[in-house]
Amino acid sequence: MDLKAKRNLDILLASEHDYPDSYTYFQIGQSYYIMGDYENACRYFEKGLNFDLSPESEFVQLMIVHYGYSLLNMDRGEDAQLFLEQVYSYFDFLADFLMVIGTVYIRNEHYMKAALQFIKATQTEKFFTLGTNSFRAYYHLGACLLYTSPSPRDKRQSR
């Protein structure tokens, strides 16, 4: 367990009732996310997302991305896809967002949709995580192409 995240979580939970705002809920969700407690991370990210938020705010962007990954880590790929598609037009300028929705599409076996997101990520300048607009996106794009390509055995059988 990440001791810093645990310490921060204890402080944040103690102040949750004094500061019930989206940023506090984001920070609590982040602490749970870092600790691998995706169920509680989702719970607090959802609380944070219930406020009127600006897509330009970096903490909101991170909350959206980590909420998507938390849903994926709980095997809730369909829920993640539904949510991320609803907010797509607000966050499609962020490579990290395109990576998470592409990963959701892979998990839900929509490989061509995923490939398009990874291509778009390589053309995006804004990112938080190194490689989301370059080598990570290309790696995942290659995986999509492997999933959608017929195997050499399939090619021989079709002759």
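Reference entry: report on the structure contained in this document.

## Notes on helix H5 (residues 77–91)
Maximum bend of H5: about 40 degrees, positioned at Glu85. For H5, every residue scored as buried is listed here: Gly77, Ala80, Gln81, Phe83, Leu84, Val87, Tyr88 and Phe91.

## Looking at helix H1 (residues 3–15)
End to end, H1 covers 19 Å across 13 residues, agreeing with the expected 18 Å (1.5 Å per residue, within 8%). Looking at H1, one finds that the buried residues are Ala5, Leu9, Leu12 and Ser15. Considered in projection along H1, the buried side chains sweep an arc of 130 degrees and stay on one side of the axis. With respect to the buried face of H1, the exposed residues turned more than 90 degrees away are Leu3, Ile11 and Ala14.

## Overview of the packing of helix H2 (residues 22–35) against helix H3 (residues 38–49)
For any two helices packed against each other, the geometry is given by the interaxial angle and the distance between the axes. Relative orientation of the contacting elements H2 and H3 amounts to 165 degrees, with a least axis distance of 8 Å. Classed by the angle they form, the pair H2 and H3 counts as roughly antiparallel. For the pair H2 and H3, the crossing hand works out as left-handed. Where H2 abuts H3, its residues Ser22, Tyr25, Phe26, Ile28, Gly29, Gln30, Tyr32 and Tyr33 lie against Tyr38, Asn40, Ala41, Tyr44, Phe45, Lys47 and Gly48. A breakdown of the residues in the contact of H2 with H3 according to their chemical character gives nine nonpolar, five polar and one charged.

Rules and cut-offs
- What you see as residue numbers is a count from 1 along each chain, following the sequence as written.
- For a predicted model such as this one, the threshold for reporting local features is a pLDDT of at least 70, and the threshold for listing and counting side-chain atom pairs is 80 or more; totals across whole chains, interfaces and linings nevertheless cover every residue.
- Side-chain descriptors were evaluated using all non-hydrogen atoms of the structure, hydrogens and water having been removed beforehand.
- One fitted axis covers the seven residues ending at a residue, a second covers the seven starting there, and the bend at that residue is the angle between these axes.
- Put simply, DSSP H or I for four residues or longer makes a helix, DSSP E for two residues or longer makes a strand, and each gets a number counted from the N terminus.
- Any residue under 20% of the maximum accessible area for its type is buried, any over 50% is exposed, and the rest in between are partly exposed; the area is computed with a 1.4 Å probe on protein chains only.
- Between the first and last residue of a helix there are one fewer steps than residues, each counted as 1.5 Å, and that sum is the expected span.
- Directions pointing from the helix axis toward each C-beta atom define the arc.
- Angular values range over 0 to 180 degrees, each being the angle between N-to-C directions of two axes fitted as lines to C-alpha atoms, with helices fitted over their stretch in contact.
- Note on angle classes: values under 35 degrees are labelled roughly parallel, values over 145 roughly antiparallel, values of 65 to 115 roughly perpendicular, and the remainder oblique.
- Left-handed is the label given to a crossing in which the near helix is rotated counterclockwise from the far helix by less than a right angle, and right-handed is the label when the rotation is clockwise.
- Should any heavy atoms of two residues lie within 4.5 Å, those residues are counted as being in contact.
- Three classes are used, and their members are as follows: Ala, Val, Leu, Ile, Met, Phe, Trp, Tyr, Cys and Pro are nonpolar, Asp, Glu, Lys and Arg are charged, and the others, Gly among them, are polar.

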